[in-house]
Amino acid sequence: MTEQGFSEREIKEAVRQRYAGAIARPASSCCGSTPSSLVQIGGSCCAPAPAESAKGKLAEVAGYDAAELRRLPADAVQNSFGCGNPLAFAGVKPGQTVLDIGSGAGIDCLIAAARVGPPGRVIGLDMTPEMIERARQNVKEAGAANVEFRLGEAERMPVADAAVDWVISNCVINLSPDKPAVFREIARVLRPGGGISISDIVAEELPPVIQASRDAWTGCLAGAISEAEYVKGLEAAGLRGVRVASRIVYEAGQLRGLFASSCCGVGDAGADVGALAAAAAGKIWSAKFEGVKPHPAATGAEVVVDAARPEDLPAIHALLREGDLPADVGQLLGSFLVARHQGRPVGCIGMEAHGADALFRSLAVTPAYRGLGLAARLHDALVERARARGVRRAYLLTKTIEPLAARWGFAAIDRAQVPPAIQATTEFAGACCASAAAMRRELA
Ligand SMILES: C[S@@+](CC[C@H](N)C(=O)[O-])C[C@H]1O[C@@H](n2cnc3c(N)ncnc32)[C@H](O)[C@@H]1O
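This is a predicted model, so every value here is computed, not measured.

In this section: the sheet that holds strand E12 (residues 393-398). Strand order in the open sheet formed by seven strands is E8-E9-E10-E11-E12-E14-E13, and the pairing between neighbours is mixed. Only two strands of the sheet have a single partner each, and these edge strands are strand E8 (303-307) and strand E13 (411-413). Taken over all neighbouring pairs, the strand axes of this sheet differ in orientation by 30° on average, direction set aside. The sheet strands contacting helix H14 (residues 313-322) are strand E9 (337-341), strand E10 (344-354) and strand E11 (357-365), and the helix crosses E10 at an angle near 85°. Against the sheet, helix H15 (residues 374-388) contacts E8, E9, E10, E11 and E12, and its axis sits at roughly 35° relative to E10.

This brings us to the environment of Leu221. In this structure, Leu221 sits in the loop between helix H10 (214-218) and helix H11 (227-236). Residue Leu221 is classed as buried on the basis of its C-beta count, with 28 C-beta atoms lying within 10 Å. Put simply, Leu221 and Gln211 are ten residues apart on the chain and 7.8 Å apart in space, counted from C-alpha to C-alpha.

Here we take up H15. Between its first and last C-alpha atoms H15 spans 21 Å; for 15 residues at 1.5 Å apiece the expected length is 21 Å, and the two agree. Among the residues making up H15, those that are buried are Leu374, Ala375, Leu378, His379, Leu382 and Ala386. In an axial view of H15, the angular spread of the buried residues amounts to 135°, which keeps them on one side of the axis. Summarising the geometry of H15, the exposed residues directed more than 90 degrees from the buried face are Glu384 and Ala388. As for H15, its buried residues are in contact with E8, E9, E10, E11, E12 and helix H16 (402-407).

Two strands pair when backbone bridges link them, and E11 and E12 are joined in this way by three bridges, in the parallel orientation. Considered in E12, the bridge of Leu359 is made with Tyr395. Tracing the backbone out of E11, into H15 and back to the parallel element E12 gives a crossover that is right-handed. Looking at chain direction, E12 and strand E14 (residues 437-442) are connected through six bridges and run antiparallel. Paired with Arg393 across the bridge in E14 is Glu442.

Right, let's get into the pairing of strand E2 (residues 121-126). Within E2, five of the six residues are buried, which leaves it mostly tucked inside the rest of the structure. Relative to E2, strand E1 (residues 97-101) runs parallel, the two being bridged by five bridges. Across the sheet, the residue bridging to Ile101 is Leu125, located in E2. Handedness of the crossover joining E1 and E2 through helix H6 (residues 107-116): right-handed. Here E2 runs beside strand E3 (residues 147-151); their pairing, made up of five bridges, is parallel. Pairing of Leu125 across the sheet is with Arg150, part of E3. Handedness of the E2-helix H7 (residues 129-142)-E3 crossover: right-handed.

Basis of the calculations
Residues numbered from 1 in each chain as written. Predicted model: local features only at pLDDT ≥ 70, side-chain atom pairs only at ≥ 80, totals over all residues. Pairing = 2+ DSSP bridges. Helix = DSSP H or I, 4+ residues; strand = E, 2+ residues; numbered from the N terminus. Axes fitted to C-alpha atoms, helices over the stretch in contact; angles between N-to-C directions. Contact = placed C-beta atoms within 7 Å. Buried ≥ 20, exposed ≤ 12 C-beta atoms within 10 Å, placed from the backbone. Expected span 1.5 Å × (residues − 1). Arc of directions from axis to C-beta. Right-handed = clockwise from strand over helix to strand, strands pointing away.

Scope: geometric values only; no functional claims are made or implied.
This is how it looks when you write it as structure tokens:
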């Protein structure tokens, strides 16, 4: 039974019926009418039937790249009911296996299929037979041989233990009446080191009339939990490094259109949707969650940080390639430190020192060992080593760890403030880092 008093069976059946109905109407989405403000809600399942041209736009607003969409069958794009783009910036690589929970008409499965290529595999899971059928048609039209669809529920997935490298999902888990079960299933089917990239609707506060509406549940609102609860739920299931990578926050105008539509079933009941939307503005959004399943044997205590040895070079190269970082270690190996578990490098960091200045670089931790504080331990150990060598200022370039580096005492600076010797390093001058932020930390 949900907090609102709906039985799990009742919710499941209502959700199934709604999405079976949504996919049965080729030129319309789940909810009926077409206030243009709803097109802006970012592709939420509740976004009602825009004109044909606007339906593709819906997916674009949810964060899909227009060129990427043009390569997909029109039906998969027009029947996108997501609220984000879970695959944007996700590190899915050729040869990997991806599971899409609540795959709908298959849009994200098709994008994943192109990323993993023929050696990889994509599994789409959905509990609505009509969605599975449509997704199969779309995959056939696209000619993607590496995608299969399975009929089943997110709370008990027909997927083997530790079978997938990535779990993705787009606007689905909010619909589940038993979210802890879904989170546990995600942790079960992931391989150690596997990752999640999940877009979903979250809500800090929902108007009681929305909370009480079964239509609002099937329309992706009433079942939404807060961002903090989501993170806690994923961590309780055993995932680590869980963070919100991006958000699309809905404004009053967008919510007004949504609340007024048949999606929520409150407009017809005479509720003042304008006042409801004003009260809820900024409190409902689409969030993208990332995280990893750690290695079962790994705890921070079992991992030692020490100097890199020549025989570590292949493992360091692999760590850098995995993190999409320059692998030009060469003469710098003597400055590298590694995090070692049972003798095997699972993380690394290095520096290129020029007098009192040093570029800290090559910070990488393999996914199965993230969330154990190893990046901070590698950084602290490098600071100690740098100080011992007379380094007084550390610089780094980053596209991803700015908030983490700020916690370690680094502050963003203009690139022009970086000393010429550091600017001349291969990493600094390399094409990979042109768009990275420069940061500095005083070590004295
Ligand atoms: C809002 S739609 C999103 C579809 C797709 N992810 C997309 O972005 O277009 C929700 C989908 O999740 C499916 N679904 C909802 N709850 C589910 C559950 N507990 N288990 C499996 N599928 C579920 C529905 O059948 C529907 O196809």
